[in-house]
Each structure stands twice: as structure tokens, then as C-alpha cells.
Amino acid sequence: MRNIIEPTSDHIETAQPGEGWSHPDFDPDLLPARRQKGRGAVSNIDGRFERHIHQAVDDGWMTNLMEDQDAPRIRTTLGIDGARSVITKNQSPDVPFDRSINPYRGCEHGCIYCFARPTHAYLGLSPGLDFETKLFWKPDAPALLRKQLAVKSYMPAPIVIGTSTDPYQPVEREKQLTRSIIKVLGDCHHPFSIITKGALVTRDIDLIAPMAAKNRASVAVSVTSLDHRLSNLLEPRASAPHRRLDAIRKLADAGIPVTVLCAPIIPGLNDMEIENLVAAVRDAGATSVSHIVVRLPLEIADLFEEWLAANYPDRKAKVMSLIRQMRDGERYQSEFGTRMRGTGPIADLIARRFDAARKKHGMTGRSLNLDCSGFVRPNANGQMSLF
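Numbering of residues starts from 1 in each chain and follows the order in which that chain's sequence is written. Reporting of local features is limited, given that this is a predicted model, to residues whose pLDDT is at least 70; pairs of side-chain atoms are given and counted only at 80 or more, and all residues count toward the totals for whole chains, interfaces and linings. Excluded from the side-chain calculation are hydrogens and water; included are all heavy atoms of the structure.

Draft legend 1. Highlighting the pattern of salt bridges. Whenever Lys or Arg places a side-chain nitrogen within 4 Å of a carboxyl oxygen from Asp or Glu, that contact is recorded as a salt bridge. All told, the structure shown has 20 salt bridges when counted by the stated rule. In this structure, the salt-bridge partner of Glu305 is Lys316, at a minimum N-O distance of 3.8 Å. Of this pair, Glu305 sits in helix α10 (residues 300-311) while Lys316 sits in helix α11 (residues 316-325), and the two are eleven residues apart along the sequence. Labels follow the DSSP assignment, with helices taken as runs of H or I lasting at least four residues and strands as runs of E lasting at least two, numbered in each case from the N terminus.

Here it is, written out as C-alpha cells:
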């Protein structure tokens, strides 16, 4: 049966985006959430804006049934996002770009650590299973992009595709929305970079390579672990590590600059792989590599602890202790400059190890130095005019 409670004032959202937030303590007699094969989140935790918190209560009938039955499968659904614009601006000093495009809301890759999960709360949906099963796409994105680029006041700068949700998640195979967006950018000679952990990116080499040859395109591939079991649990529907390395190789062979984002580094889970990760991606053809330590804003902290309890119960206390040591005793801190790197001896050691590995393999840190000089503005009549 379901128990519905009113959150106290301490648990109604008072924190600003990026600050700590957590559900109230749960009754130990509540039914535990059960992990589903192929999904990252263990539960559908209520979003921070909801007036009620739903809890599954054991009434004496369900425990034995739960032991005998698998958790019911949740199918992925796809809705339409009626956005009126497609380019999102930011002023963050932590990233080397000020504009981005995300073709999809939600992400079927199901990465448990994904910092975009809390955005589903704005839709009245859960940052948990809803985020990876209730997806939305922007069918008008190519037309909207062309319209935004046609505005006379628009000044070109590199656009990064996939900053929040992966542009090459499984649904892209059918919708080809990311490919359509790249076509528009290519037509306008507008510089862009792609962030993905999907090997499907190699499908679009025919569009990316000509732009890369003129220093107008690059790709960043996220590689979190070389351990297939850990990767499958952290990122259940993302490409396997060996497929990402193969994608890096194919992109590099096509003359496309590839950087690797080792993100996130989670102490106690994948930090022991740093040197092997850097060596593997260099061998595959990447020329630069950077890292981000795990971030647990808002609902993600509870989802991540729930995931640890379900998948690595013996490591949960240690991992959370190490994370708190990088966050001045908190699960997360949102300050610019430290939110992606952390503070303290553990965070410093991780950074030094990456610096040493880059130096050993002749790699650089991430940059986004793309040529904007050839931009051709689209006209309202569909023709092009030189910027």
C-alpha cells in the first residue's frame, strides 16, 4: 500500500538550485525499492517541488511476493518538448563555452550520477526512474536553430551539443534529431562540439569530419570506467567501455579532434583507474583529457546513496565518507570553481594524478578553440548570407 505524507517545512524546497536537498528520514519498515535490470535509478523518488512524498508501506502481504517476483519493467516513453528556442546560454566560469543545445529532455542511458536529473522535477516528474524512462524530444529544433542563427544580432561562438543529456542516446537512432541539428550548423559553417558516451556518434562522421578539417568541430567522449560491470551499473544503457574506445579511434582516424571527459571520478569506485583510463584513451587516439569529480546536487544525493546500497552495500559508507571529505563534510557544494573539482587532500590528489598521467602521455587539458570566422548567416528565405 502507499503512504502519503506532507513534507515538513525543512523538506519543502528552500535550497537554491545546486544546493543540498534531501527527503525526510524514512521509516525502516517501508518496502525497499528494487533495482531494475537496465535502469540506473533504483526508485522514483519524488521531486523537490511536490507537495506530498509517496512511500511504499509493507502491510504484511508484499514482502514475500517481492522476494519471489522481479521488479515490474518500466517501458520508455517519448513525448514532445514544445520549446520555443533551442540554444541555451550560460555564464558559468567552470566551462569553456557560453551556449549549448540539448536535443532531448531526460536520458535513457540512466547514469545514476547525472547532474541533469533534477531538471525533471520542473516537469512534475521524478529525477529517478522518470528521468530515464519518460523522455521528450524537440522535433522543431532544427527549424528553431536556423531561426535563431538568422537573427542579425546573433554573434557566433562554439555551440556544445549534449551538455545535459546525451545527444546520442538510443532514441537518436530513430529520430536522427542530433544529426539534423549538425546539418544546420554545417550549412552555416557554425563551430560546434559534441559531448557523448554513445558510440552512435560515429554514424555522423560524414558531417563532423568536414567541419573538423576547418577547425569548426570536435567531439568529447565521456569514459567513466574500463570495468564493464561498474560501467553497466553506473550507466546501464550507455555504450560499453570498449565501444567508446572504438568510437574514439574511428573519430580520430577521420581527423576529428577528440577529448575525453573522465567524469565523474568517484573515490572508492573508479579513482583507482585514472592512470589506466588516460593510457587507454590516448592509445585510442584522444589528444586531450580532463576530469570532474562526482557531483550530487539536490535529489541526486539520495538517488546515489540508494544506488550504492543496492549495488555496493559494502562500499557505501566508505564512498560517501570520501565524497564528504571532498565537500567540506557535505554531500555537495555548488560554488563555482570547486563544484567540479572538490576541495581537500583527496580532490587535490585526484587532480595531481591526472596532471601526471597527461604529462606522461603527451596530452593536454580540454579546450574549445574553434574557428568562428566562416559563419554564414541563414536568411529568412532559406538562402545564406556571409556573416
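Draft legend 2. Fine view of helix α3 (residues 141-150). For each residue, the accessible area found with a 1.4 Å probe, counting protein chains only, is set against the maximum for its type, and the residue is called buried under 20%, exposed over 50%, and partly exposed in between. When α3 is considered as a whole, its buried residues turn out to be Ala141, Pro142, Leu144, Leu145 and Leu149. One face of α3 carries all of its buried residues, which in axial projection span an arc of 160°. Away from its buried face, by an angle of more than 90 degrees, α3 presents the exposed residues Ala143 and Lys147. When checking whether two residues touch, look at their non-hydrogen atoms; a contact exists if any pair is within 4.5 Å. On its buried face, α3 sits against β5 (99-101), α5 (177-187) and β13 (376-378). Here the arc refers to the set of directions running from the helix axis out to each C-beta atom.

Draft legend 3. Representation of the packing of α3 against α5. One can describe the packing of α3 onto α5 by two numbers: an axis separation of 9 Å at closest approach and a directional angle of 25°. Here α5 runs roughly parallel to α3, going by the angle between their axes. For the crossing formed where α3 meets α5, the hand is right-handed. Side by side, α3 and α5 meet where Ala141, Pro142, Leu145, Arg146 and Leu149 of the first sit next to Leu177, Ser180, Ile181, Val184, Leu185 and Asp187 of the second. Note on geometry: axes are C-alpha line fits, over the in-contact stretch for helices, and angles between N-to-C directions span 0 to 180 degrees. For classification purposes, angles smaller than 35 degrees are called roughly parallel, those larger than 145 roughly antiparallel, those between 65 and 115 roughly perpendicular, and all remaining angles oblique. Crossings are classed by handedness, with left-handed meaning an anticlockwise turn of the near helix from the far one by less than a right angle and right-handed meaning a clockwise turn.

Draft legend 4. Local environment of a nonpolar patch on the surface. Here, patches come from residues exposed beyond 30% relative accessible area and free of salt bridges, joined within 9 Å for like charges and within 5 Å for nonpolar side chains (Val, Leu, Ile, Met, Phe, Trp, Tyr). The method behind every accessible area is Shrake-Rupley, applied with a 1.4 Å probe, and residues are considered shielded solely by the protein chains displayed. Residues Phe49, Tyr122 and Leu123 make up a contiguous nonpolar surface patch of about 300 Å² in total accessible area. Following the sequence through the fold, Phe49 ends up in the loop between β1 (2-5) and β2 (53-56). For Phe49, a relative accessible area of 40% corresponds to the partly exposed category.

Draft legend 5. Spotlight on the nonpolar core. Buried Ala, Val, Leu, Ile, Met, Phe, Trp, Tyr and Cys residues form a nonpolar core when they are joined through side-chain atoms within 4.5 Å. Leu145, Leu149, Phe192, Ile208 and Ile248 are the most contacted members of the largest nonpolar core, which has 59 residues in total. With six residues, helix α9 (residues 274-284) is the largest single contributor of residues to this core. Setting aside its immediate chain neighbours within four residues, Phe192 contacts Ile159, Ile161, Ile182, Leu185, Ile208, Met211, Arg216, Ala217, Ser218 and Leu370. The next biggest cluster of nonpolar side chains, apart from the first, holds 28 residues, and it includes Cys114, Leu129, Leu303 and Val319.

Draft legend 6. Representation of the pairing of strand β7 (residues 134-137) in the model. By the alternation rule, side chains of β7 split into Leu135 and Trp137, which are all buried, and Lys134 and Phe136, of which none is buried. Two strands qualify as a pair provided that DSSP identifies no fewer than 2 bridges between them. Here four bridges tie strand β3 (residues 77-80) to β7, and the two strands are oriented parallel to one another. Directly across from Thr77, in β7, lies its bridge partner Lys134. Relative to β7, strand β6 (residues 104-105) runs antiparallel, the two sharing two bridges. Of the residues in β7, the one forming a bridge with Tyr104 is Trp137.

Without other data, these values stay purely geometric and don't point to any function.
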